[in-house]
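# Results of the structural survey
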Amino acid sequence: MSFWNRRRGAPAAELLPVHVGIIMDGNGRWAKRRGLPRKEGHRQGAKTFRKIAEYASQIGIRYLTVYAFSTENWKRPKEEVDSIMQLLREYLREIERYAEENVRLRFLGDRSALDADIRELMERAEAGSRNHTGMTLNIAINYGGRDELTRAVKSLAQSCIKGELSPVDIDYAQIAARLDTAGQPDPDLIIRPSGEQRISNFLICQSAYAEFLYMKVLWPDFTPRHFDRALWMYSRRSRRFGGLSA
Ligand code: IPE
Ligand code: IPE
Ligand code: MG
């Protein structure tokens, strides 16, 4: 927090979002503009991800959720999907070596479709960082908000069949407890670089009252300065949650 507070014009700590979501978009266009294959855009995007995660943790963000691969991204050519999975593998192997980082790592999404070695690395990363007290970093991979909701509904139905829960007692808290983000606060701010202005199946339940910020910069070019700007814009928003301003 101290780093942020030293910056001239920075918003007060209480105006910082607790949970920030980022739709890491624009890797393909970044590569195309340079005449490079799309996988080079993903490689550069992975570097940006490391930098921004470190920065967010340093300035006191408590939860950061990044959208890395959606349930719809399987529609892309196999070569591109493989290159994204390979980058994930490299990241997971790397963090095993730097386990002293105080970040608590979690993965959102359906893992059953991922390769067994990736699933194991994910489990090890989660188990190894479970007791860390710093920022929670959620990586959404094979994640889709509709898929997440569908899995939650199936789990509710099972509980009803087993007699643990009566359908009349189902409320949003019961649903939220079965989402991949169970126990975590909802995102306050969702940033989408690359100029697209849509949610693309990211945290659709959790973002009910999130502030959205769309930025033109492509994800591989996104820097801590862009993150600062997003936080600043967030601090100027008036959140009402359906009520009236103070
Ligand atoms: C985001 O970049 C990364 C993933 C969706 C995996 P894109 O690959 O979507 O980049 P654009 O949108 O084509 O530029
Ligand atoms: C959203 O980006 C998914 C990720 C960034 C992982 P997409 O590039 O897949 O979204 P659309 O197709 O533009 O909506
Ligand atoms: Mg895209």
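Below is a summary of the structure that appears in this document. (Residues numbered from 1 in each chain as written. Chains lettered and ligands numbered in written order. Predicted model: local features only at pLDDT ≥ 70, side-chain atom pairs only at ≥ 80, totals over all residues. Heavy atoms only, no water.)

## Focus: the overall build of the chain
- Check the secondary structure of the chain and you find eight helices and six strands.
- Listed by position from the N terminus, the elements making up the chain come as α-β-α-α-β-α-β-α-β-α-α-β-β-α.
- Over its C-alpha atoms the chain spans a radius of gyration of 19 Å, differing by no more than 12% from the 18 Å that the globule rule assigns to 246 residues.
- Long-range contacts, defined here as pairs at least 24 residues apart, represent 75% of the contacts in the chain between residues at least 6 apart.
- Of the roughly 13,200 Å² that the chain leaves accessible, carbon and sulfur atoms contribute 50%. (Helix = DSSP H or I, 4+ residues; strand = E, 2+ residues; numbered from the N terminus. Rg over C-alpha atoms; globule rule 2.2 N^0.38 Å. Contact = heavy atoms within 4.5 Å. Areas by Shrake-Rupley, 256 points an atom, 1.4 Å probe, with all protein chains shown as cover.)

## What about the pattern of salt bridges?
- Under the definition given, this model contains 21 salt bridges.
- In this structure, the salt-bridge partner of E211 is R239, at a minimum N-O distance of 3.8 Å. Separated by 28 residues along the polypeptide, E211 in strand β6 (residues 211-214) and R239 in the segment after α8 (224-235) bring together distant segments of the chain.
- Under the relative-accessibility criterion, E211 is labelled buried at 15%.
- Since its relative accessible area comes to 23%, R239 is described here as partly exposed.
- Linked through salt bridges whose partners overlap, the residues forming this network are D25, R29, R192, E196 and R198. (Salt bridge = Lys/Arg side-chain N within 4 Å of Asp/Glu carboxyl O. Buried < 20%, exposed > 50% of the residue type's maximum accessible area, 1.4 Å probe, protein only.)

## Structural notes on the environment of L149
- Topologically, L149 is positioned in helix α6 (residues 145-161).
- For L149, a relative accessible area of 29% corresponds to the partly exposed category.
- In this structure the C-alpha to C-alpha distance between L149 and K78, which are 71 residues apart in sequence, comes to 27 Å.
- Beyond its immediate sequence surroundings of up to four residues, L149 is in contact with I175, L179 and C205.

## Section: unusual backbone geometry
- Phi at S194 takes a positive value of approximately 90°, unusual for a residue other than glycine.
- Considering the arrangement of structural elements, one finds S194 in the loop between β5 (189-192) and β6.
- If you check the backbone angles, F241 has positive phi at about 50° while not being a glycine.
- By secondary structure assignment, the location of F241 is in the segment after α8.

## Quick look at the site of ligand 1
- Around ligand 1, the structure places 13 residues, and the nearest of them are D25, G28, R29, R38 and R76.
- For ligand 1, an oxygen atom lies 3.1 Å from a polar atom in the backbone of N27.
- At 2.7 Å, a side-chain N or O of R76 approaches an oxygen atom of ligand 1.
- With the chains in place, 87% of the 370 Å² that ligand 1 exposes on its own is no longer accessible.
- Listing elements by their share of the shell around ligand 1, those giving two or more residues are α2 (27-33), α3 (38-59) and α4 (78-97).
- For the shell around ligand 1, the residue count by class is three nonpolar, five polar and five charged. (Near = heavy atom within 4 Å. Polar contact = N/O pair within 3.5 Å; in protein donor to acceptor, adjacent residues only side chain to side chain. Nonpolar A, V, L, I, M, F, W, Y, C, P; charged D, E, K, R; others polar.)

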